[in-house]
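Chain by chain, the residues:
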Amino acid sequence: MIIVLLGPPGAGKGTQASRIMQTHGLVQLSTGDMLRAAVSAGTEVGLKAKEFMAAGKLVTDEIVIGIIADRIEEDDCKSGFLLDGFPRTVAQAETLNKLLNDKNLTVDIVVEMKVDDESLVDRIAGRYTCAQCNKGYHDTYLKPQVADVCDGCGSANFTRRSDDNRETVISRLATYHTQTAPLLPFYKAQGVLRTIDGMADIDDVTVQINDVLSKLSA
Ligand code: AMP
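Quick caveat, the model's predicted, so the values are computed rather than measured.

S.K.: What is the right way to look at the site of the ligand in this model?
M.R.: Near the ligand there are 16 residues, and of these T31, R36, K57, G85 and R88 occur at the shortest range. Within the side chain of R88, an N or O atom sits 2.9 Å from an oxygen atom of the ligand. Relative to its free-state accessible area of 480 Å², the ligand is covered by the protein chains to the extent of 96%. Taken together, the residues that form the shell around the ligand break down as six nonpolar, four polar and six charged.

S.K.: Explain a negative patch on the surface to me, please; I cannot follow it from the model alone.
M.R.: A surface patch of like charges, here negative, comprises D116, E118, D197, D201 and D204. For E118, the position within the fold is in helix α6 (residues 117-125). Note on E118: relative accessible area 65%, which makes it exposed.

S.K.: Help me understand the packing of α6 against helix α7 (residues 166-180), please; the structure alone is not making it clear to me.
M.R.: Pairs of packed helices are described in terms of their axes, by the angle between the two and the distance that separates them. Between α6 and α7, the shortest axis-to-axis distance is 10 Å and the interhelical angle comes to 135°. One element, α6, and the other, α7, form an angle in the oblique class. Here α6 runs over α7; the crossing is right-handed. Across the interface between the two elements, D117, L120, V121, D122, I124 and A125 from α6 touch R166, V169, R172, L173 and H177 from α7.

S.K.: Whenever I open this one, the packing of helix α2 (residues 31-41) against helix α4 (residues 61-71) confuses me. Can you help?
M.R.: The N-to-C vectors of α2 and α4 enclose an angle of 105°; their axes lie 11 Å apart at closest approach. Taken as axis vectors, α2 and α4 run roughly perpendicular relative to one another. Residues T31, M34 and L35 of α2 form the contact with α4, whose participating residues are I63, V64, I67, I68 and R71.

S.K.: Even after reading the chapter, I still don't get helix α3 (residues 44-54), so can you show me in this structure?
M.R.: Note on helix geometry: an α-helix contains 3.6 residues per turn, so any two residues three or four positions apart are oriented the same way. Looking only at α3, the buried set comprises G46, A49 and M53. Looking straight down α3, one finds that the buried residues subtend no more than 75° of arc, so they occupy a single side. In α3, the exposed positions angled more than 90 degrees off the buried face are occupied by E44, L47 and E51. Where α3 is buried, its residues touch α2 and α7. Among the residues trailing α3, G56 stands out with phi positive, at a value near 75°.

S.K.: Just checking my understanding: could you explain the environment of Y137 for this structure?
M.R.: Within the element layout of this structure, Y137 appears in strand β6 (residues 136-138). On the basis of relative accessible area, Y137 is assigned to the buried category, the value being 3%. Distance in space between the C-alpha atoms of Y137 and A17 is 14 Å, their sequence separation being 120 residues. There is a polar contact of 2.7 Å between the side chain of Y137 and the backbone nitrogen of D151.

Cut-off values and rules
- Residues numbered from 1 in each chain as written.
- Predicted model: local features only at pLDDT ≥ 70, side-chain atom pairs only at ≥ 80, totals over all residues.
- Heavy atoms only, no water.
- Near = heavy atom within 4 Å.
- Polar contact = N/O pair within 3.5 Å; in protein donor to acceptor, adjacent residues only side chain to side chain.
- Areas by Shrake-Rupley, 256 points an atom, 1.4 Å probe, with all protein chains shown as cover.
- Nonpolar A, V, L, I, M, F, W, Y, C, P; charged D, E, K, R; others polar.
- Patch = residues over 30% accessible without salt bridge, like charges linked within 9 Å, V, L, I, M, F, W, Y side chains within 5 Å.
- Salt bridge = Lys/Arg side-chain N within 4 Å of Asp/Glu carboxyl O.
- Lys, Arg positive; Asp, Glu negative; His and termini not counted.
- Charge placed at Lys NZ, Arg CZ, Asp CG, Glu CD.
- Helix = DSSP H or I, 4+ residues; strand = E, 2+ residues; numbered from the N terminus.
- Buried < 20%, exposed > 50% of the residue type's maximum accessible area, 1.4 Å probe, protein only.
- Axes fitted to C-alpha atoms, helices over the stretch in contact; angles between N-to-C directions.
- Parallel < 35°, antiparallel > 145°, perpendicular 65-115°, else oblique.
- Left-handed = near helix turned anticlockwise from the far one by under 90°.
- Contact = heavy atoms within 4.5 Å.
- Arc of directions from axis to C-beta.

Listed below in structure tokens is the structure:
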């Protein structure tokens, strides 16, 4: 099964992607995570991507398509994968279709997580992750059960993304509306788009997504 999670920054794609990954045994492919790893490692891709990311702009299609094209060739993608943060432009989506078509595959479902713009700045400005296992938290909406200790791995080491600040979020939202939102009619025309209420609480969003996925495999 090939799933695309679509939604603006802060919609909760990463949180839901890791839940789906665990329950459905699918590998999660996050271009944002891959690009951050490239930036930290100082690779050529990382050096090219760094300024775009810091400004809340999209990295070039060429770079992200290159990353995804290589990644989906790996063994763990053979039984399907979940795309989180890719595609983000119609050109990326068209190339993805071609890459999949060459393998007799297709995007099975695109889940749009619909959220109000007004809530996103708060959601993003308060979020952080475990530096050890990458589990996501939020200052208000999703705290660890024991203060300052990760529920997943017990680490006390947390980190915040440098682009999760108010100014960059506003730019990332504008980028979403101009460059990524055109994917909604694109996938609707393919008959694979499903929209869920991303404003609901985190567990309820998971229920909605599982419901959509179970109808697909029924
Ligand atoms: P994310 O973690 O998905 O919010 O991505 C963080 C940043 O990485 C974005 O603001 C972009 O600068 C870059 N990025 C991630 N995925 C893509 C993509 N598919 N196309 C272009 N840029 C991307």
